[in-house]
Amino acid sequence: MNEASPPSRPAGSSEHVIDPPYFDLDAATAELKRLRQDAAAGEARGAVLTRLKALLKQARATAEANLMSGGQGRTCAHGMSLFTDALLRLVYQDVIGHVVESGIPSEGERMAVVATGGYGRGLMAPRSDIDLLFLLPYKQTPWGESVIEATLYMLWDLGLKVGHATRSIDQCLRLAESDMTIRTSLLDARLILGNAALFEEFESRFHQAIATWPARDFVDAKFAERDERHRRSGESRYRVEPNVKDGKGGLRDLHTLHWLMRYLVGAVPSEAAVGEGLFSAAEYHAYRKCESFLWSIRCHLHFLTGRSEDRLSFDVQLSMAERLHYKPRGGIRPVERFMKHYFLVAKEVGELTMVISAALEMKQLKAKPDNERHTGSQTWRDRTLLRRRTDFRIENGRISVANREVFKRNPVNLIRLFHLAQQYSAEHHPETMRLVGHSLRLIDDRLRRDVEANRIFLDILTAKDESEQALRAMNEAGVLGRFIPEFGRVVAMMQFNMYHHYTVDEHLIRSVGVLSDIESGKLVEDHPLASQIIPDVQNRRALFVAQLLHDAGKGYAEDHSIVGARMMREVGARLGLGRSETETAAWLVEHHLDMSTFAQSRDINDPKTIRDFADIVQSPERLRLLLILTVADIRAVGPGVWNGWKGQLLRSLYYETEPVLAGGHSKLANQNRLAIAEEKLRAALSDWTEDDIDRFAARLYPAYWLRTETPKQAEHARLIKKAEAAGKSFAFAVRTDAFTAVTELTIVAPNVKGLLSLFAGACASAGANIMGAHVTTTRDGLALDTFLLQRELDEDDERRRAERIGHTIEKLISGKQKLEQLLRSRPTRISSRIGAFTIVPEVNVSNKISETLTVLEVSGIDRPGLLYALTKAITDLELDINSAHIATYGERAVDVFYVTDLDGRKITDQAWARDIEARLVAVLSEPAVDSEARIPAGAP
């Protein structure tokens, strides 16, 4: 299947469709009349309503069958609109014939029932709202009020959502003048039934009024409305759960173009309107293709969910791909091919919007946007020189071409354009980008091998500022993917998982942006170590190239890190990197996940962990590069993925590994770091006495100071002090963060057997999903544990839930509450989003990772209560958990436990190891429906 084209009709499907409105209006009218006549007193309305519901159900079923047999979404939407027209006429006739005594309506009782908004356009998704205007000559009458009320109640009782207004023509015009939303909805007003002369009068006066209202005000309002809608739904059009209607690149963006044409030239986008100067014939064809595809998605969504749902969430994406007949190809799953098609269409919608924007600006019907990026650093003389010496112009902060032959004459200009825009902080003129789109065929192998073109591109990528903006502009224009085909393969590629928030290409570009921000010093507070060491990097160009292409190997059956390293060796040479730089970049791509894996899933305080990691890295320079690349990679995954705990783990791994690679002695380095950590804590607890701080410090092992941030140390100290002041050994603290979508629960408690299991069980009983955990034990037998909980409620409710968990843990430890009873009283259910995924459970029992401990590596589908079930099973297996490393990657839980037997020895018996593996696989395989079914026998 061509990704740029909608799926074709499946083989063997019937071409026959049942034409809308899916029922005979005259026959249905006669049938309702008979029902009214034959029904007993008081039962007529119920009989009519039952028949109308049957018609509605039949219409939706027929429309869905037509769509499933290969029909187009726009045809489905038009059919549902025609059905709704007929249904309204049927209901209206029933009302005026049998519900409201009509008599002979007076002049003042004239009425027109008018469709507005999307319904007015004659396109309606199966579960969309019905927007109606009851148009009156001047004021409401008792007869009209009764008719409208009876009609609306019948529609509401059918389960339809109806947005309605009752207005005179004068009221419509007055409101349309002051309210752009009402003006827009009236643009598509369409008579359904009633007095045609009244509607014609409205249309005439409305369009006369439009001619007197400033067109530019309407245009600017529509673009401002679009920008705000994009802001609310997420700025990027490449979010992996997009909103088909309101998201960037969605149907509403096409509606905006429709409204602009309707308002400015009095015509809808059509072949006939091409000559009006807003669309070319090719662009109109693209408009229709995008519209048809998006309507197909929206109609399928409504049928799939049985409601007015416009978000392509994970739980429907698989079914959508199946309905649209996508097949696997080249290692890419059907759902990923479907979503790639979606994102390519969304990108094309963005290009069409740019085209209209350019046309409107040329007609001076749209304000030019302020050049927010322009810093004023370039002088008037600089811009004048640019105008004299190049094929480009900069005016009003926008770069444009000197003539339309600049790309044809020298294809290198297709790359140079973006470099100049970056240098001068200039926006791209929409008409120039339109020309770029028409010139993409000039980007061929000859240009890809051109030394000057590659030099310019490398300058764009490694520039000190605005590399992300320049790369995104190149990607939106289609230049980046054609010039770097390895990148082009992942353009619009979606990874079907809950961990990655964006398409692969968007993630890669964002990661370069993070890298640039680290280098420029903008992220010192968030990433102090990366910001400190980046000036010492010797292979800067290799780092930037690796950052841009570290995931370019995705979509193949082979490990994407291996594929990407192989690609990198080809790309590096082509871009002009030296042999050593290319090998460094290839190594970074091949190992770009290693540092994150070691930091989050290994015990950093185990000497073997550090030795194994050092054997991979081999040099201080590679360690610096890998840390920086890892930070930028994680940070660019999406909101809330990066947190301070991950940062501290990465820093700890770096500090432990650096002395080994530098030939120093890690113990000496640790002593220095311990001293620094204690000094920082003393500063943070400046209101404490030296004795109090010394007493707290004496309780802690060296590992604690190396992997715990100062604010968390201070929080632990205050918690212990709070508990001691209350004569207890238990206390907790809650911190919730809306931005990162994480609620942090920190607990101080006696370190009793199975404590981690109790903690996890208390979270499960409250329906809280654990995203991560940090487990620490003091010298005097206290546990200092922090759980990162997925934020699902508003701040107050989230805090109350976490506090309830804290109190529950205290009761469980004291024996005042039994966990088994608590869990059985509160079943938990898996979210529909996670339910969309299938992950084969994996358990690895290894004695090679640590010299003194056995390591259990566990991976499977995440669910509420999983950590409890795992830790309870491990305790029941007579194992002692020395440390736990809990991580969640979207729908996948990856938990690592360092364990021994109860005598402190490794698990060397192979039969016992197999039993451990089987037991934990069984836990991972349990269906996440009812928590009662998951409670192991004998739970405390």
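Residues numbered from 1 in each chain as written. Predicted model: local features only at pLDDT ≥ 70, side-chain atom pairs only at ≥ 80, totals over all residues. Heavy atoms only, no water.

Q: I keep staring at the overall build of the protein and nothing clicks. Help me out?
A: Helix and strand counts for the protein come out as 40 helices and 15 strands. Evaluated residue by residue, the protein yields a buried proportion of 56% over its 940 residues. The contacts in the protein between residues at least 6 apart in sequence include a share of 72% that link residues at least 24 apart. Carbon and sulfur atoms provide 49% of the accessible area of the protein, an area that totals close to 39300 Å². (Helix = DSSP H or I, 4+ residues; strand = E, 2+ residues; numbered from the N terminus. Buried < 20%, exposed > 50% of the residue type's maximum accessible area, 1.4 Å probe, protein only. Contact = heavy atoms within 4.5 Å. Areas by Shrake-Rupley, 256 points an atom, 1.4 Å probe, with all protein chains shown as cover.)

Q: Where do I start with helix H10 (residues 251-265) in this structure?
A: What sets the pattern is the α-helix's 3.6 residues per turn: residues three or four places apart point alike. With 15 residues, H10 extends 21 Å between its outermost C-alpha atoms, agreeing within 8% with the 21 Å of an ideal straight helix rising 1.5 Å per residue. Looking at H10, one finds that the buried residues are Leu251, Arg252, Asp253, Leu254, His255, Thr256, Leu257, His258, Trp259, Leu260, Met261 and Tyr263. Once H10 finishes, glycine 266 follows within two positions and takes phi at roughly 70°, a positive value. (Expected span 1.5 Å × (residues − 1).)

Q: So what exactly am I meant to see when it comes to unusual backbone geometry here?
A: In terms of backbone geometry, most residues other than glycine have negative phi values and most peptide bonds are trans. Here the residue pair proline 20 and proline 21 is connected by a cis peptide bond, since its omega of 15° sits within 30 degrees of zero. Counting through the fold element by element, proline 21 comes out in the segment before helix H1 (25-38). Even without being a glycine, tyrosine 22 presents a positive backbone phi close to 75°. As for its placement among the helices and strands, tyrosine 22 is situated in the segment before H1. A relative accessible area of 9% places tyrosine 22 in the buried class. In this structure, histidine 325 is a non-glycine residue whose phi angle is positive, near 65°. Among the structural elements, histidine 325 can be located in the loop between helix H12 (314-323) and helix H13 (334-362). Overall, the relative accessible area of 27% leaves histidine 325 in the partly exposed class.

Q: Teacher, can you tell me more about the pattern of salt bridges here?
A: Where charged atoms of side chains with opposite charge meet at close range, the side chains can pair. What the rule picks out here adds up to 65 salt bridges. As a salt-bridge pair, arginine 541 and glutamate 581 come within 2.8 Å of each other at their nearest N and O atoms. With arginine 541 in helix H25 (residues 540-549) and glutamate 581 in helix H27 (residues 579-590), this residue pair connects regions lying 40 residues apart in the sequence. Linked by salt bridges that have partners in common, Glu283, Arg404, Glu431 and Arg434 make up one network. (Salt bridge = Lys/Arg side-chain N within 4 Å of Asp/Glu carboxyl O.)

Q: What's the story with the side chain of glutamate 486 in this structure? I'm lost.
A: Within the secondary structure, glutamate 486 sits in helix H22 (residues 485-488). At a separation of 2.9 Å, a polar atom in the side chain of glutamate 486 contacts the side chain of arginine 574. Apart from residues lying up to four places away in sequence, glutamate 486 is in contact with Ala552, Met567, Glu570, Val571 and Arg574. (Polar contact = N/O pair within 3.5 Å; in protein donor to acceptor, adjacent residues only side chain to side chain.)

Q: Hey, could you run me through the sheet that holds strand E6 (residues 398-401) in this one?
A: As a general point, the strands of a sheet are linked pairwise by backbone hydrogen bonds and lie either parallel or antiparallel. Here 3 strands make up an open sheet; going across it, the order is E5-E6-E7 and the pairing mixed. Each edge of the open sheet is held by one strand with a lone partner, namely strand E5 (392-395) and strand E7 (427-428). Bridging between E5 and E6 involves 4 bridges; their strand directions are antiparallel. Its bridge partner lying in E6, phenylalanine 392 is registered against valine 401. Contacts from helix H16 (residues 413-423) reach E5, E6 and E7, with the element oriented near 25° to E5. Lying over the sheet, helix H17 (residues 430-438) contacts E6 and E7, oriented at roughly 45° with respect to E6. (Pairing = 2+ DSSP bridges. Axes fitted to C-alpha atoms, helices over the stretch in contact; angles between N-to-C directions.)

Q: Help me out: how do you make sense of the nonpolar core in this one?
A: In globular proteins that are soluble, nonpolar side chains generally tend to be buried together. Counting 216 residues, the largest nonpolar core has Leu52, Leu132, Leu312, Phe338 and Phe457 as its most contacted members. Setting aside residues no more than four positions away along its own chain, leucine 312 makes contact with Val240, Glu241, Pro242, Val244, Ile297, Leu301, Gln317, Met320, Phe338, Met339 and Tyr342. By size, the runner-up hydrophobic cluster in this structure holds 51 residues, among which are Ile770, Phe897, Leu920 and Leu924. (Core = buried A, V, L, I, M, F, W, Y, C linked by side-chain atoms within 4.5 Å.)

Q: Mind showing me how you'd approach the packing of H1 against helix H3 (residues 73-99) here?
A: The description of two packed helices rests on the angle between their axes and on the distance between the axes. Look at H1 against H3: their axes get within 10 Å of each other, and the N-to-C directions meet at 35°. Helix-helix and strand crossings are classified by hand; for H1 and H3 the assignment is right-handed. For the pair H1 and H3, the contacting residues are Leu25, Ala28, Thr29, Leu32, Lys33 and Arg36 in the first and Ala86, Arg89, Leu90, Gln93, Asp94, His98 and Val99 in the second. In the contact of H1 with H3, the residues fall into 6 nonpolar, 3 polar and 4 charged. (Left-handed = near helix turned anticlockwise from the far one by under 90°. Nonpolar A, V, L, I, M, F, W, Y, C, P; charged D, E, K, R; others polar.)

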